Amino acid sequence: MIASLFSFKGGVKPAAHKDESAQAPIAQAPLPHRLVVPLRQSAGGAPLPLVKAGQRVLKGERIGAPEGNFSSAIHAPTSGQVLAVEARMLPHPSGLSALCVVIEADGDERWIDLVPTNYMTESPDALRDILRDAGIVGLGGATFPSHLKLKPGATGRIETLIINGAECEPWITCDDRLMRERADEIARGIAILRHIASAERVLVGIEDNKPQAIAAMRAALATSEGVEVVPVPTRYPAGGERQLIRVLTGIEIPYGRYGTDFGVQCFNVATACSVHRAIDLGQPLISRIVTLAGNVERPGNVEALIGTPIDELLKLASPKADTDRTILGGPMMGFALPRTDLPVTKAANCILAASPALFPPQGAELPCIRCGACTRACPAELQPHELYWFSRAKNFGKAQEYGIFDCIECGCCAYVCPSNIRLVDYYRFAKSSMRALEREKAVADAARERFELRNLREEREKAEKAARLAAKTAAGRQAAEGAAAKAAGAPAAPQAASPEEKPLPALDEQKKALIAAAIARVETQKVGVQPRNTDNLTPEKQAEIREIEARRNKVRELAKTPPEEPI
Amino acid sequence: MNNSPHVHLPISVRVIMLKVLVALLPGIAVYVWFFGAAILVQIALASTAALAGEAAMLRLRRKPVGLFLADGSALVTAWLIALTFPPIAPWWLIVSATLFAIIVAKHLYGGLGQNPFNPAMVAFCVSIIAFPALMSQWPAVGFTDFTAQVRVIFESQSAQDAVTMATPLDALRTSLHTPEARATVAGILGSHATFGNIGGKGWEWIALAYLAGGLWLLQQRIITWHVPVAFLGVLAAIATVFSLANSDSFAGPTFHVVTGGAMLGAFFIATDPVSGATTPRGKLIFAAGVALLTWIIRTFGAYPDGMAFGVLLMNLCVPLIDMGTQPPVFGHKNGKKEGKP
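None of these values were measured; they are calculated from a predicted model.

Asks: I'd like to hear about the overall build of chain A, residue by residue, with values.
Replies: What chain A contains, in helices and strands, is 16 helices and 17 strands. Sequence-distant contacts in chain A: of pairs separated by 6 or more residues, those separated by 24 or more amount to 74%.

This is the structure in structure tokens:
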């Protein structure tokens, strides 16, 4: 069966520059002296550290436990000693810091006991748990936990499994080399993924500029029924998940929905390979293939342990003297690193040495002339120039109405813009502003709710107190009157007081004093002038305490990362 | 600087504007061939005025003068003004019209990319309203002597009747609007010296040269097919319907398409991205509107050509057209957008 191809609109054809790094076989990066393993390397919550400073760990030992089901485990990439568990800067455009496990390698590379699983005899649920505990996440760059992507969606079942070997971004060749060299491993991973999803058919999409990879994958999958390797036209961003699904199946998955809702799911070839290793060999995800390219003497691909410092890795390719910055990812979607001593993460597919000659700085930004080049290039079929106006004017409501959250930040619009407008930067600004507003609104809503609840509670308590007091007074009066009546020898008149209240003697002076004291206490609490143990200290001491407090808050801030931003 | 993408297509506003100028060259060459080199004088006058006005305004607005002068947009406006004005119009007319276009229609609205109206068409409309006689003074066929032309341009006096002539559109309209003449379209086209094989004498060839330049712009992807096709198609369609119904009073489609500013407008004026619609459907509506207005003004109006007014009136509608023709976003083709942060 030959699948008929669909097409996605837009896209661009930047110079591929793939031959440079695609020639040499994948090399093994030398074991680094020290590794920094970020605990949060996938979408979802940050795993909790399972190790302490000073502790010895084995290669593949779990050092971060998935927090809930919406996260993925983290493992020691090599054997050695934990030096620290502390906040370190991550390879992130904004120089974000988060909790990392710093490991000093002992050079022994001693593995934990590996337990292979026979996937044919396990239930899909059990296999998904193994993938979660093996830290398997999407290696195409989004690092979405794979076990979550394998959950059946609204349609009940994943009918079509898409394996993404498109690798559309220029310069990057890690998937290309992986397919050429480890097609059999990928094929085994595909079989496991297919088994878990019970998918009817599998389509492996590879851009037609990688004939060797296509041939290798075809050879490896020749005996598999219902699995087809489909060359797709080379056009960036054909490897975008939604674009590839569209090209191979014709299905368009809108923003905010998942492929499983449409009976289709997509995995990167490298992810398939790591699924094979996790199930068939019991090996967790502790390394990945990284392309080293750009302004270097020896471009190529290396298999690097997660946590390897990026600068150490790039040295293997010998960056040229005029290298002025290092880009993590490709030239279309990657970002220049604020520092190069940051660790390789599961998302790091490419390290590009950049020079002014190779990636010339863009000319001055001119006004938008509405030429429409961006609209024709947009694979999300948006109107980038309109989004630009709205983002620039901070008209976020309009930007949202025109679909800014459908933007995949592929960079096609900015690539073609004749006015040199950094369009994607404007969208990032608008999106992050909107997310911040949304967060603020949520916080304000919660505060308002709390305030309203407190008001309600106070009013209720006041009313109850008043009722009790009234009842007590009435009962007291009744008792007094009753006594007087009894004394007068007349029958007691029926009273309106609540029957369940026991008659009490009238409030005496002592009780009144107690109540007054209680009210005074409440008043002081309300004003909030509770004396603290730090109030009577010298100004110097107080300043010191404030400093310590600020440091503490900072550490607390560092220890948590915003939940939306994938690393 | 640190954010993606790190690569960029080697294209700029300057390249786009230069290609538009290059695409005008065949039309200008044919123009010179038929009507003499006066048009080159007008182009030079307009270009100088446009660059001077642009530089002065940029300076006043404290914008980088060199950067914006080099974008070439003022030159495109200048050339389009020169090509729509009579080539023997007095020098001060084209200079003042160009300055008005650059200063008022472009920079007072915010400069490059911000003008809601096509500056060249503003210049044309302002001039034809203020100086209708001068704007109707076109060189007669055969009046190609350069020194004589230059004298007419610079000696601020009305040119002699011997050297001027009405444009083909004007000639046809005037003859049809004179009831006692009882002229038919076929009769007028056959008798008058201003008419050629399919349109105006000489003008029809200039129009075909514009068509060639426009097709090159299409091939270069500087413009899309929507505006030229919708404009010429609708203009031809209306002309066909009316000339079929009454061929004596209404000119046919070929005549309309190759006469006046139709061909220049279809590829070079209505395609102005800044003042035009941007969505594909919006472009079709915009161009169809221009064509309809052009035909109505040509046929029933007081001005010889309706292209400029049609463009300005449709410029007014652009925000509405764009708003109403937003194409569906990827994945949202069957329903409403549900974008959430």
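Asks: Explain unusual backbone geometry to me, and be specific about the residues and the numbers.
Replies: Following Tyr236 of chain A, the chain continues to Pro237 of chain A via a peptide bond in cis, the omega torsion being -5 degrees. Here Pro237 of chain A shows up in the loop between strand S11 (227–232) and helix H7 (241–249). The linkage connecting Ser4 of chain B with the following residue, Pro5 of chain B, adopts the cis geometry, with an omega of -10 degrees. In this fold, Pro5 of chain B is placed in the segment before helix H1 (13–35). Notably, Glu381 of chain A is not glycine yet its phi reads approximately 55 degrees, a positive angle. On the secondary structure map, Glu381 of chain A appears in the loop between helix H10 (373–377) and helix H11 (384–392). In this model, Glu409 of chain A sits at a positive phi of 55 degrees, which is unusual for a non-glycine residue. The topology assignment puts Glu409 of chain A in the loop between helix H12 (396–401) and helix H13 (412–416). Residue Glu409 of chain A is classed as partly exposed on the basis of its C-beta count, with 19 C-beta atoms lying within 10 Å.

Asks: Describe the domain arrangement of chain B, naming the residues involved and giving the relevant values.
Replies: Accessible area lost when the parts come together is the quantity often used to give the size of an interface. All names here are of chain B. As assigned here, chain B comprises domain 1 (10–160) and domain 2 (166–324). On a C-alpha basis, the centres of domain 1 and domain 2 stand 21 Å from each other. On the domain 2 side, the residues contacting the 29 residues of domain 1 number 32 residues. If you list the elements that add at least two residues to the side of domain 1 that touches domain 2, you get H1, helix H4 (73–84) and helix H6 (119–130). Looking at the side of domain 1 that touches domain 2 element by element, the count peaks at 12 residues for H1.

Asks: Which residues make up the domain arrangement of chain A, and what values go with them?
Replies: Residue and element names in this part refer to chain A. Examined at the domain level, chain A breaks down into domain 1 (19–29 + 116–315) and domain 2 (391–482 + 501–507). Taken together, the contact pairs four residues of domain 1 with five residues of domain 2. A per-class count over the side of domain 1 that touches domain 2 returns three nonpolar, one polar and no charged.

Asks: Account for the sheet that holds strand S9 (residues 160–164) of chain A, with residues named and values stated.
Replies: Residues and elements named next belong to chain A. The strand order across the open sheet built from four strands is S11-S10-S9-S12, with neighbouring strands paired in parallel fashion. Each end of this open sheet is capped by a strand with a single partner; those strands are S11 and strand S12 (264–268). Each neighbouring strand pair of the sheet contributes to a mean axis angle of 25 degrees, computed without reference to strand direction. One ladder, built from five bridges, connects S9 with strand S10 (residues 201–207); its direction is parallel.

Asks: Residues and numbers for helix H6 (residues 211–220) of chain A, please.
Replies: Residue and element names in this part refer to chain A. The complete set of buried residues in H6 reads Ala213, Ile214, Ala216, Met217 and Ala220. Down the axis of H6, the sector holding all buried residues measures 165 degrees, keeping them to one side. Of the residues in H6, the exposed ones pointing more than 90 degrees away from the buried face are Pro211 and Gln212. Buried residues in H6 make contact with helix H4 (174–181), helix H5 (183–197), S10 and S11.

Asks: Outline the pairing of strand S17 (residues 350–354) of chain A, supporting the account with residue identities and numerical values.
Replies: All names here are of chain A. The buried fraction of S17 is high, at five of five residues. Taking every second residue as pointing to the same face, both faces of S17 are buried, with Cys350, Leu352 and Ala354 on one and Ile351 and Ala353 on the other. Pairing of strand S13 (residues 287–294) with S17 involves four bridges; the strand directions are parallel. Counted as the bridge partner of Thr291 is Cys350 from S17.

Asks: Describe the pairing of strand S2 (residues 34–38) of chain A, listing the residues and the values that go with them.
Replies: Residue and element names in this part refer to chain A. The buried fraction of S2 is high, at four of five residues. Sheet analysis places S2 next to strand S8 (residues 97–105), joined by five bridges and oriented antiparallel. Looking at S8, one finds that Leu35 is bridged to Ile103.

Asks: With reference to specific residues and values, describe the environment of Ile88 of chain B.
Replies: Residue placement: Ile88 of chain B occurs in the loop between H4 and helix H5 (91–106). Along the primary structure Ile88 of chain B and Ser247 of chain B are separated by 159 residues, whereas in three dimensions their C-alpha atoms are 34 Å apart.

Asks: Provide a residue-level description of the sheet that holds strand S7 (residues 80–89) of chain A, including the pertinent values.
Replies: Adjacent strands of a sheet pair through backbone hydrogen bonds, lying either parallel or antiparallel. With antiparallel pairing, the four strands of this open sheet are ordered in space as S2-S8-S7-S4 (chain A). Every other strand in the sheet has two partners, leaving S2 and strand S4 (56–57) of chain A as the edge strands with one partner each.

Asks: Requested: an account of the interface of chain A and chain B, with residues and values cited.
Replies: With 51 residues of chain A at the contact, the number on the chain B side is 35 residues. At the level of secondary structure, the elements contributing two or more residues to the side of chain A that touches chain B comprise strand S16 (335–336), H13 and helix H14 (423–488) of chain A. Per-element tally for the side of chain A that touches chain B: the top contributor is H14 of chain A, with five residues. Per-class residue counts for the side of chain A that touches chain B are 31 nonpolar, 12 polar and eight charged.

Asks: An account of the packing of helix H15 (residues 280–300) of chain B against helix H16 (residues 307–324) of chain B is requested, with residue identities and associated values reported.
Replies: All names here are of chain B. Two numbers describe how H15 lies on H16: the axes approach to 8 Å, and their chain directions differ by 150 degrees. The orientation of H15 with respect to H16, classified from their angle, is roughly antiparallel. Judged by the sense of rotation from one axis to the other, the crossing of H15 with H16 is right-handed. Along the contact surface, H15 presents Gly282, Ile285, Phe286, Gly289, Val290, Leu293, Thr294 and Ile297, while H16 presents Met307, Phe309, Gly310, Val311, Leu313, Met314, Cys317, Val318, Ile321 and Asp322.

Asks: Hey, could you go over the nonpolar core for me, with residue numbers and the actual values?
Replies: Residues Met217 and Val290 of chain A together with Ile81 of chain B are the most contacted members of the largest nonpolar core, which totals 262 residues. Among all residues touching Val290 of chain A, those that are not within four sequence positions of it are Cys174, Asn301, Val302, Ala304, Leu313, Val344, Ala348, Asn349, Cys350 and Ile351 of chain A.

Asks: Give a description of the packing of H4 of chain A against H6 of chain A that names residues and reports values.
Replies: All names here are of chain A. Two elements in contact, H4 and H6, have axes whose closest approach is 8 Å; the angle formed by their N-to-C orientations is 40 degrees. With respect to H6, the axis of H4 lies oblique. In this structure, H4 meets H6 at a crossing whose hand is left-handed. Only Gln212, Ala213, Ala216 and Met217 of H6 make contact with H4, whose side of the interface consists of Asp176, Met179 and Arg180. For the contact of H4 with H6, the class distribution of residues is four nonpolar, one polar and two charged.

Asks: So what's going on with the environment of Phe154 of chain B? Which residues, and what values?
Replies: All names here are of chain B. Within the fold, Phe154 resides in helix H8 (residues 146–154). Residue Phe154 is classed as partly exposed on the basis of its C-beta count, with 13 C-beta atoms lying within 10 Å. Residues Phe154 and Trp92, 62 residues apart in the sequence, show an inter-C-alpha distance of 8.3 Å.

The rules behind each value
Residues numbered from 1 in each chain as written. Chains lettered and ligands numbered in written order. Predicted model: local features only at pLDDT ≥ 70, side-chain atom pairs only at ≥ 80, totals over all residues. Helix = DSSP H or I, 4+ residues; strand = E, 2+ residues; numbered from the N terminus. Contact = placed C-beta atoms within 7 Å. Buried ≥ 20, exposed ≤ 12 C-beta atoms within 10 Å, placed from the backbone. Domains from an automatic or database assignment. Nonpolar A, V, L, I, M, F, W, Y, C, P; charged D, E, K, R; others polar. Pairing = 2+ DSSP bridges. Axes fitted to C-alpha atoms, helices over the stretch in contact; angles between N-to-C directions. Arc of directions from axis to C-beta. Parallel < 35°, antiparallel > 145°, perpendicular 65-115°, else oblique. Left-handed = near helix turned anticlockwise from the far one by under 90°. Core = buried A, V, L, I, M, F, W, Y, C linked by C-beta atoms within 7 Å.

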